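Summary of structural features
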Amino acid sequence: MGTLRVALVGFMGCGKSTVGPVLARRLGFEFVDLDLDIQKTAGRTIPEIFEQDGESAFRALESECLARCARRSHLVVAPGGGVVIVQANRRLLRTHFHVVYLRARPTTLAERLRGEAEHRPLLRGHPLEDRIARLMGERGAFYDEVASQIVDVDGKSPEAIAEEISSGLKST
């Protein structure tokens, strides 16, 4: 698999941070949760970055951390759900990664995110289902655009999802 890099994209709550380590172990790769990498780089939490500097500053940090990952090999990276809204990130993902879109139904996402909306800056202060539907509407075409592989995650275990991704890697 040479210098293969796998990026798991999809809406928040689709399972990127859960499936990522399982897939990385299966492939013998390193796992990077991009949000944790951003927090380490900034020395602050993502909500703090959003509150103090705004979303555009967060997106710039996210792009910088993603570009660093693109220069590494044998890596599974799980970026945040909004990574695809920046055109340069979409280009980087398509060029340097096997991109797996972990697709979930809005109802699944709402169930998974119900208890954490207050910790996610883009979900605060809005009815959860409405906010998910609006953001998915904005981002859905971008996920499709960058995807090398699409995996529907509803009702599947992280292990089953990792197995499906691995099978897709072998066929590329």
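So, here is what we can say about the structure in this document.

How each quantity is defined
In every chain, residue numbers begin from 1 and rise along the written sequence. For this predicted model, a pLDDT threshold of at least 70 governs which residues receive local features, and a threshold of 80 or more governs which side-chain atom pairs are given and counted, while totals over whole chains, interfaces and linings are taken from all residues. Computation of side-chain values: all heavy atoms of the structure, hydrogens and water removed. We call a residue buried when its accessible area falls under 20% of the maximum for its residue type, exposed when it is over 50%, and partly exposed in between, using a 1.4 Å probe and counting protein chains only. Numbering goes from the N terminus for both helices and strands, where a helix is a DSSP run of H or I of at least four residues and a strand is a run of E of at least two. What makes two strands pair is DSSP finding at least two bridges between them. Aromatic pairing here means that ring centres of Phe, Tyr or Trp (its six-membered ring) are within 6.5 Å. Orientation follows from the plane angle: under 30 degrees is stacked, over 60 is edge-to-face, and everything else is tilted. The rule is short: NZ of Lys or CZ of Arg within 6 Å of the ring centre and within 35 degrees of the ring normal puts a charge over the ring. We define a salt bridge as a contact between a side-chain nitrogen of Lys or Arg and a carboxyl oxygen of Asp or Glu at a distance within 4 Å. When charges are counted, Lys and Arg contribute as positive and Asp and Glu as negative, whereas His and the chain ends are disregarded. Think of a polar contact as two N or O atoms within 3.5 Å of one another; within protein, one of them needs to be a possible hydrogen donor and the other a possible acceptor, and neighboring residues in sequence only count if both atoms come from side chains. Axes here refer to lines fitted to C-alpha atoms; in helices the fit is confined to the stretch in contact. Angles between the N-to-C directions go from 0 to 180 degrees. To estimate how far a helix should extend, the number of its residues minus one is multiplied by 1.5 Å. The contact definition used throughout considers only heavy atoms, calling two residues in contact when any of these lie within 4.5 Å.

Another point: the pairing of strand 3 (residues 75-78). Burial along strand 3 is two-sided: the face carrying Leu75 and Val77 and the face carrying Val76 and Ala78 are both buried. Looking at chain direction, strand 1 (residues 5-9) and strand 3 are connected through 3 bridges and run parallel. When the sheet's bridge partners are listed, Arg5 is paired in strand 3 with Leu75. In this structure, strand 2 (residues 30-33) lies alongside strand 3, joined through 4 bridges in parallel fashion. The residue of strand 3 that forms the bridge with Val32 is Val77.

Applying the stated criterion to the full structure yields 2 aromatic pairs. Geometrically, the ring pair formed by Phe50 and Phe58 is tilted, given 5.0 Å between the ring centres and 35 degrees between the ring planes. Residues Phe50 and Phe58 agree in their burial class; the two are buried. Above the face of the Phe142 ring, Arg90 is positioned so that its terminal group lies 3.9 Å from the ring centre.

Inspection of the entire model under this criterion finds 13 salt bridges. Between Arg94 and Glu145 there is a salt bridge, with the nearest N and O atoms lying 2.5 Å from each other. Here the residue Arg94 occupies a position in helix 5 (residues 87-96), and Glu145 occupies one in helix 7 (residues 128-146), the gap between them amounting to 51 residues. Since its relative accessible area comes to 41%, Arg94 is described here as partly exposed. Glu145 sits in the partly exposed class, given a relative accessible area of 37%. Each of Asp37, Glu64 and Arg68 takes part in a single network of salt bridges with overlapping partners.

On to the side chain of Lys16. Mapped onto the elements of the fold, Lys16 is located in helix 1 (residues 16-27). Buried charge without a partner: Lys16 forms no salt bridge, and the closest opposite charge is Asp35, 7.2 Å away. Here the side chain of Lys16 touches Phe11 through a polar contact of 3.3 Å, landing on its backbone oxygen.

The next thing to look at is the sheet that holds strand 3. Overall, parallel pairing links the 5 strands, which are arranged 2-3-1-4-5 in an open sheet. Both edges of this open sheet fall to strand 2 and strand 5 (149-152), since each of them pairs with a single strand only. With strand direction ignored, the average angle separating the axes of adjacent strands in the sheet is 20 degrees.

In this section: helix 1. Counted at 1.5 Å a residue, the expected span for helix 1 with its 12 residues is 16 Å, and the 16 Å between its end C-alpha atoms agrees. Within helix 1 the residues assigned to the buried category are Lys16, Val19, Gly20, Val22, Leu23, Ala24 and Leu27. Of the surrounding secondary structure, the elements contacted by the buried residues of helix 1 are strand 1, strand 2, strand 3, strand 4 (98-103) and helix 8 (158-170). Gly28 lies just past helix 1 and shows a positive phi near 75 degrees.

Right, let's get into the side chain of Asp33. With respect to the helices and strands, Asp33 occurs in strand 2. Within polar-contact distance, the side chain of Asp33 engages the backbone nitrogen of Asp35 at 3.1 Å. Discounting residues that sit within four places of it in the chain, Asp33 has contacts with Ser17 and Ala78.

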